[in-house]
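Breakdown of the fold
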Amino acid sequence: MTPYHPYRPYRRSTGRTRRGRKRLFLTAFALVAAGFGLAPLDARPASAAPNLIVNPGLETLDAQGEFPECFEKSGWGDNDFTYTVTDDAHAGERALRIDLTRRTDGDRKVMMLENECAPKVTEGHQYDLSLWYKSTSPDVAMTLFRHDKTAGWVFWADLNTLPQSGTYARTEVRTPVVPANTDQITWGAALYGVGSLTTDDYAMVDATVVPEPPVDPCEGKGPECKGEWTVQTAPSPVRAIHSVLLHTGKVLLIAGSGNDRDAFAAGTFKSSVFDPVTGKYTDIPTPEDFFCAGHVQLPDGRVLVVGGNKDYASADGTVGYKGLKSSYVFDPKVNKYVKVNNMLAGHWYPSATAMGNGDVVALGGLGEDAAGTVVNEHFSYAQNKWLPMGEAKQAWSFWGLYPAMILLQDGRLFYSGSHTFGVGLPGTGASVYDYDKGTITDVPGLRKKDERDQSASLLLPPAQDQKVLTAGGGNHTVSPDAHRLVDLIDLKAASPEYVAGPDLPQGKYKDGTFQKGAEGKVYLSAVILPDGKVLETGGALHTYREDPVFEASMYDPETNTFEPGLATDPVPRTYHSSSTLLPDGRVLSVGDNPGDGSFDQRVSLYKPPYLFKGARPKITSVASQNWAYGSAQRITVDKPVVKASLIRPAAVTHSSDPNQRLVDLPMTVDGNTIALSLTSNPNLAPPGWYMLSVVDAKGVPSVSKWVRIGPQGQVAAERVLSYADELAAAPRAPGHADHGKPKAGKRGVKLPEGYDGCDHAYGTVSTCVPWTFPKKVPVADRCEWLKSKGYGVLDVRRDRHGLDRDKDGKACGKGDFRKRR
């Protein structure tokens, strides 16, 4: 046996259960073709390339004569099991059998020893892994570890699930491209349901048939290095504060009143559907003010709109914005909003997270009384309605405005610390929220947690890695400048905590001067691309005061680096901007609402560098548009590709889209025919429409095809493991009493100034000048009115209200008051 490895305490076992060890993340991909109306790929023998497995037929036993040489017993969890060397072999005289007779959680598996027996691999190559097996359980998965030269043995990926088979069957799957710093791998089949699994005749061959692309430092200035932005001739007909990619390929742009009090007073609420292929817009009747609502795609492709603006803040800033209780569903088939039942409370700036069963949990924002909402909302997809109190589970906690709440693989929610306005939540500023239990557990390490206003957070690709990036941010009432901090967290760890990542690259200001020191960005957008990288674009140095930053970069999760110096959007993208991936691989950017109340309605489209690197691979056919969890799906391509993935369409506003994710699809390759293994875990890929794309060895993606995934036909159990279970802080229990009713005073949370629509262009950064003065107060008398409210002389950065009449840079100074006769 190899010595115990500190990097994988969840995996080591020598025939007895190791309770409390943290567990291997298994996402359970399915290569099974039988039972889904899909003919299997040819069960061809291994190619002529050499088999890299030592003792592949399990024929040679160890020195004790008890177990096949170069293999080990592995597993975790609370279960009863036995290992048997059996003569019921596929070929030769020996095979290995695992029997699981009782299971609460965990699995049992056989893998190669983590020593010289583990196969050596080459960075940038791919390998075909295969074995023969038979099983009485459908709950069998092939899983893969890699040896990092720095970190040691780490979990890499789950590749597929294996269909139940009473006779020997062969399964094969191709690894992803071997990442940098990896020199060995080990793999095997895991049994995670009661029954038996017998394996034999393991094989691993180098499948790198595509030449590795040449090193491309991209030292030039062309679009093949920097990409290319174009500004559309026709501006958006609406003040696009929200953008949602529909499964039709069109984009729903929502304005509501568009942060325009006059439009609100007139009841003029707008939405439009933009077709990025034709450039045309279709106006959509909009029944209520969806300005600063939440939104998320439902499993059938409709868009659930959560709350919105019931009323603007009072002119004197004493009463904040008020949230709507009403909710609608937008149906792209008929381009129409349809009302559903009201929520339990009002929500302005709420977040909406799609859950693994197709339901939606919405929380945060401001209520009908302008206080912070502490009521959770639960939308039942099956019932097409918001659940009543008692069914919607409550923690009676205020989550802030647009809290980034990301669904984890075990169904819990991760609050990343990104939010809009104000300071972060109490404690560390980031936490794991168990919605079912109502417990909230702090996660340490997030730097400047009270300066994450309109930072960007996302689940990094692939979703199976369970890593989250949080970038930039500020605080519009405290922090004078946005920062450039990037923090990363691996939620597969037993006790996850944020660690520092590379700083955001810096850009230029409108006058051409460069950012310096710690100057960073708020209002930035982060967009997952089909090549597995993340485009970072847009933003400003300040909230409200803006100072737009012209900068774009590409983040690579594999290397944890930013590639700076991409082409920049010529349109400022500050407050109320958003960026969205399109099915053809371009990125749409809209919105800019600076503190003077104007709105830039120009629309920009970005072509990333991969669109200038030669011919794109094509998906020439997709066997089925409807995909079941745990299934294999057949596609054909026109040229060799190295990876495939699904990307959930965006629903983004205020730098926030907590549902954005890319799901890796392990491949079994037979020429230009490929079987793609879809996870059996809906928490990794909540049901709905996704963009399917393939990528070639040069990193060039195909145009996406739309597929819809759902629970129909799932045959293997969900593969869910317990990560983030040993957090340093004790969980906070639900803050309710009296059988589900909140304690007195828990209906809402009083918020500090800064949530109230104040104009921060005057005075110190924390000064709150009303956004709109009472109509009875003429412009010339505004300083008198402010003086009566306790305001003094104020510095001026932008004189939107005409308070600096003598133009000396001081508002409401001696020369700015009306002279009385």
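Further up the page is the structure itself.
The paragraphs below set out a description of the structure included in this document. (Residues numbered from 1 in each chain as written. Predicted model: local features only at pLDDT ≥ 70, side-chain atom pairs only at ≥ 80, totals over all residues. Heavy atoms only, no water.)

On to the overall build of the protein, then. Counting its secondary structure elements, the protein contains three helices and 56 strands. When burial is assessed residue by residue, the protein has 62% of its 821 residues classed as buried. Pairs at least 24 apart in sequence give 66% of the contacts found in the protein among residues at least 6 apart. Surface summary for the protein: the accessible area is close to 29700 Å², and the carbon and sulfur share equals 51%. (Helix = DSSP H or I, 4+ residues; strand = E, 2+ residues; numbered from the N terminus. Buried < 20%, exposed > 50% of the residue type's maximum accessible area, 1.4 Å probe, protein only. Contact = heavy atoms within 4.5 Å. Areas by Shrake-Rupley, 256 points an atom, 1.4 Å probe, with all protein chains shown as cover.)

Glancing now at the packing of aromatic side chains. Counted under the stated rule, the structure contains 28 aromatic pairs. Residues Trp348 and Tyr349 carry aromatic rings whose centres are separated by 4.1 Å and whose planes lie at 55 degrees to one another, so their mutual orientation is tilted. We classify Trp348 as buried; its relative accessible area is 1%. Classification of Tyr349 as buried rests on a relative accessible area of 0%. Of the aromatic side chains, those joined through ring pairs into one cluster are Phe264, Phe269, Phe291, Tyr312, Tyr321, Trp348, Tyr349, Tyr402, Phe421, Tyr523 and Tyr575. Looking at Arg719, its charged tip hangs above the ring of Tyr192, at a distance of 3.5 Å from the centre. (Phe/Tyr/Trp six-rings, centres within 6.5 Å; stacked < 30°, edge-to-face > 60°. Lys NZ or Arg CZ within 6 Å of the ring centre and 35° of its normal.)

Turning our attention to the environment of Lys639. Turning to its location among the elements, Lys639 is positioned in the loop between strand 44 (632-637) and strand 45 (643-647). Lys639 sits in the partly exposed class, given a relative accessible area of 25%. Taking the C-alpha atoms as reference, Lys639 lies 9.1 Å from Arg616; in sequence the two are 23 residues apart. In this view, Lys639 contacts Ala615, Arg616, Pro617, Asn672 and Asp696; residues no more than four positions away in its chain are not counted. Only 3.5 Å separates the side chain of Lys639 from the backbone oxygen of Ala615, close enough to count as a polar contact. (Polar contact = N/O pair within 3.5 Å; in protein donor to acceptor, adjacent residues only side chain to side chain.)

Let's shift gears to the pattern of salt bridges. Throughout the structure, instances matching the rule amount to 28 salt bridges. The salt bridge partner of Asp78 is Arg102, with a shortest N-O separation of 2.7 Å. With Asp78 in the loop between strand 1 (71-76) and strand 2 (79-86) and Arg102 in strand 3 (residues 95-103), the pair connects residues that are 24 residues apart, well separated along the chain. Among the residues examined, Arg102 registers a relative accessible area of 31% and is labelled partly exposed. Measuring nitrogen to oxygen at the nearest pair gives 2.8 Å for the salt bridge that ties Asp107 to Lys109. The buried category is assigned to Asp107, whose relative accessible area is 0%. (Salt bridge = Lys/Arg side-chain N within 4 Å of Asp/Glu carboxyl O.)

Take the nonpolar core next. Leu469, Leu529, Leu535, Leu581 and Leu588 are the most contacted members of the largest nonpolar core, which has 43 residues in total. The contact partners of Leu529, leaving out residues within four places of it in the chain, are Leu535, Met554, Leu581, Val587, Pro608, Tyr610, Ile647 and Leu662. Formed by 36 residues, the second largest nonpolar core is a distinct cluster that contains Leu446, Tyr629, Val641 and Leu727. (Core = buried A, V, L, I, M, F, W, Y, C linked by side-chain atoms within 4.5 Å.)

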